[in-house]
Amino acid sequence: MSENQPLQYRIQEEISELAASVNEIVTKFRDLQNPLKESSEKVPKATKQLDKISEQTEAATHQMLDRVEKIVQQVEDSKKGLDEIKVCTKDGRTDDISALADDLIEKADITCNDAYTIIDALQFQDITSQQMNHAASLLEDIEVRLQSIMGALKGQPSDETHDEKRRDRKTRVYDPHADLFDKKTDQLAIDDMFARKG
Amino acid sequence: MADLKILAVDDSPTMRRIIMNTLKRAGYKDVIEASDGRDALAKMKVEKVNFVITDWNMPEMDGLTFVTTLRSMGEYKSLPILMVTTRSVKDDIVEALKAGVNNYIVKPFTPDTLKEKIEQVLAG
């Protein structure tokens, strides 16, 4: 029995060391659970945001293309009108020239308005840029969490990795609800709020 | 309208160009620009401004802090301020109202809405 005692102690010692290691691993895995959970929640959010950017950019581009196509058509029509004016001038038909000139003025006004509509539609750039900043910020957060997990596995204090990453980050300013089509409160409701304020 | 000097504050150069273009089309020719609240305050020290159009989400100094700062300065207590922002959540609008904004437009806006709100604010 006495010969076995040191062996028993050694086994007990080994088992308690093993238990401590398992305990440490379990604690580490528990610590990793939160960053992993947060990362897994942020990935779909970032994906959704990127999908929204893609859809809204496409919609805005179509709006602008429609107007550009109209402008091109109006310019083509105006060229034809100018050709007709040339012929009328040659033939001395002054009354026709005046009518054609009025028509061209009207077309120029329409073209101008279509060009302004394109300028107004370019507001999508500000909105999608905020959406992109939101998506980038979510992806940066995921990166920091993953770095923190890697750090924890290597036995580095997690705060150190967080601070290093945050120092390198660009300041991102955005409205997480920025949307080209979906306004949470419409202008009439806003007007009502300001009217009630007096 | 003739002696009205408007300051357009927005961190997006594209938005500043669009706002300035819209204002000029509406007949407001005297328009200056700033890229955030801090830049706007610096410009207002040099130039007398009678009307401010400001965004909310901006670096350095956001629109809400800018408005609060202006309202805390005696000379700008009654300066007409129009906020033009993507923020459309009701609580945000209430916050802007409390900060002292005279009217509020959610982006994207139409030229008619911008013109109408400026006129409303000027009419008091």
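Description of the structure in this document. (Residues numbered from 1 in each chain as written. Chains lettered and ligands numbered in written order. Predicted model: local features only at pLDDT ≥ 70, side-chain atom pairs only at ≥ 80, totals over all residues. Heavy atoms only, no water.)

**Concerning the sheet that holds strand β3 (residues 51-54) of chain B**
Consider a sheet: its strands pair through backbone hydrogen bonds, and that pairing is either parallel or antiparallel.
Residue and element names in this part refer to chain B.
Here's step 1: Taken in spatial order, the five strands make up an open sheet running β2-β1-β3-β4-β5, and their pairing is parallel. Since the sheet does not close on itself, it has two edges, and those belong to β2 (31-34) and β5 (103-106), each with one partner. On average, adjacent strands in this sheet sit at an angle of 20 degrees to one another, irrespective of strand direction.
Here's step 2: Sheet topology note: the strand β1 (residues 6-9)/β3 ladder contains four bridges and is parallel. Along β3, the bridge assignment pairs L7 with V52.
Here's step 3: Here helix α3 (residues 63-72) sits on the sheet in contact with β1, β3 and β4 (81-85), set at roughly 175 degrees to β4. (Pairing = 2+ DSSP bridges. Helix = DSSP H or I, 4+ residues; strand = E, 2+ residues; numbered from the N terminus. Axes fitted to C-alpha atoms, helices over the stretch in contact; angles between N-to-C directions. Contact = heavy atoms within 4.5 Å.)

**Some thoughts on the pairing of β1 of chain B**
Residue and element names in this part refer to chain B.
Here's step 1: Here β1 shows two buried faces, one formed by I6 and A8 and the other by L7 and V9.
Here's step 2: Bridge count between β1 and β2: four bridges; the pairing is parallel. By the bridge assignment for β2, V9 is matched with A34.
Here's step 3: Running through helix α1 (residues 13-25), the crossover from β1 to the neighbouring parallel element β2 is right-handed. (Buried < 20%, exposed > 50% of the residue type's maximum accessible area, 1.4 Å probe, protein only. Right-handed = clockwise from strand over helix to strand, strands pointing away.)

**Focus: helix α5 (residues 187-197) of chain A**
All names here are of chain A.
Here's step 1: Of all the residues in α5, the buried ones are Q187, I190, M193 and F194. Buried residues in α5, looked at end-on, bunch into an arc of 120 degrees, giving them a common side. Residues L188, A195 and R196 are exposed on α5 and point more than 90 degrees away from its buried face. (Arc of directions from axis to C-beta.)

**Some remarks on the pairing of β5 of chain B**
Residue and element names in this part refer to chain B.
Here's step 1: Because side chains alternate across β5, one face comprises the buried residues N103 and I105, and the other comprises Y104 and V106, equally buried.
Here's step 2: In this sheet, β5 lies alongside β4 in parallel orientation, the contact comprising four bridges. When the sheet's bridge partners are listed, L82 is paired in β5 with N103.
Here's step 3: In this region the chain leaves β4, passes through helix α4 (residues 90-99) and returns to the parallel neighbour β5; the handedness of that crossover is right-handed.

**Topic: the packing of helix α2 (residues 94-121) of chain A against α1 of chain B**
Here's step 1: Packing of α2 of chain A against α1 of chain B leaves a shortest axis separation of 9 Å and a crossing angle of 145 degrees. Read as a crossing pair, α2 of chain A and α1 of chain B show a hand that is left-handed. Of the residues in α1 of chain B, those touching α2 of chain A at Y116, I119 and D120 of chain A are I18, N21, T22 and R25 of chain B.
Here's step 2: Residues of the contact of α2 of chain A with α1 of chain B, tallied by class, amount to three nonpolar, two polar and two charged. (Left-handed = near helix turned anticlockwise from the far one by under 90°. Nonpolar A, V, L, I, M, F, W, Y, C, P; charged D, E, K, R; others polar.)

**Notes on the interface of chain B and chain A**
Here's step 1: Taken together, the contacts link 30 residues of chain B with 25 residues of chain A.
Here's step 2: Both faces considered, chain B and chain A share a buried interface measuring about 2,600 Å² in area, 61% of it formed by carbon and sulfur atoms.
Here's step 3: Applying the counting rule to chain B against chain A returns three salt bridges.
Here's step 4: The shortest N-O distance in the salt bridge between K117 of chain B and D191 of chain A comes to 3.0 Å.
Here's step 5: Linking chain B with chain A are 15 residue pairs in polar contact (both at pLDDT 80 or more).
Here's step 6: Listed by contribution, the elements that provide at least two residues to the side of chain B that touches chain A are α1, α4, β5 and α5 (111-123) of chain B.
Here's step 7: Among the elements that line the side of chain B that touches chain A, the one with the most residues is α1 of chain B, at six residues.
Here's step 8: Per-class residue counts for the side of chain B that touches chain A are 15 nonpolar, ten polar and five charged. (Buried area = accessible area lost by both parts, 1.4 Å probe. Salt bridge = Lys/Arg side-chain N within 4 Å of Asp/Glu carboxyl O. Polar contact = N/O pair within 3.5 Å; in protein donor to acceptor, adjacent residues only side chain to side chain.)

**Quick look at unusual backbone geometry**
Trans is the prevailing form of peptide bonds, just as negative phi is the prevailing case for residues other than glycine.
All names here are of chain B.
Here's step 1: With an omega of -5 degrees, the peptide bond between K107 and P108 qualifies as cis.
Here's step 2: Within the element layout of this structure, P108 appears in the loop between β5 and α5.
Here's step 3: In this structure, E60 takes a positive phi of about 65 degrees despite not being glycine.
Here's step 4: Within the secondary structure layout, E60 lies in the loop between β3 and α3.
Here's step 5: Since its relative accessible area comes to 59%, E60 is described here as exposed.

**With respect to α1 of chain B**
Here's step 1: An ideal rise of 1.5 Å per residue puts 18 Å on 13 residues; α1 of chain B measures up with 18 Å between its terminal C-alpha atoms.
Here's step 2: The set of residues buried in α1 of chain B consists of M15, R16, I18, I19, M20, T22 and L23 of chain B.
Here's step 3: On its buried face, α1 of chain B sits against α2 and α3 (124-153) of chain A together with β1, β2, β3 and α5 of chain B.
Here's step 4: Following α1 of chain B by one or two positions, G27 of chain B adopts a phi angle in the positive range, close to 105 degrees. (Expected span 1.5 Å × (residues − 1).)

**Overview of the pattern of salt bridges**
Once their charged atoms are close, side chains differing in charge can pair, the charge on each being opposite to the other.
Here's step 1: Taken as a whole, this structure holds 24 salt bridges over all chains when the rule is applied.
Here's step 2: A salt bridge links R93 of chain A to D96 of chain A; the shortest N-O distance between them is 2.7 Å.
Here's step 3: Taking relative accessible area as the criterion, R93 of chain A reaches 36% and is therefore assigned partly exposed.
Here's step 4: With its nearest N and O atoms 2.6 Å apart, the salt bridge here joins R16 of chain B to E33 of chain B.

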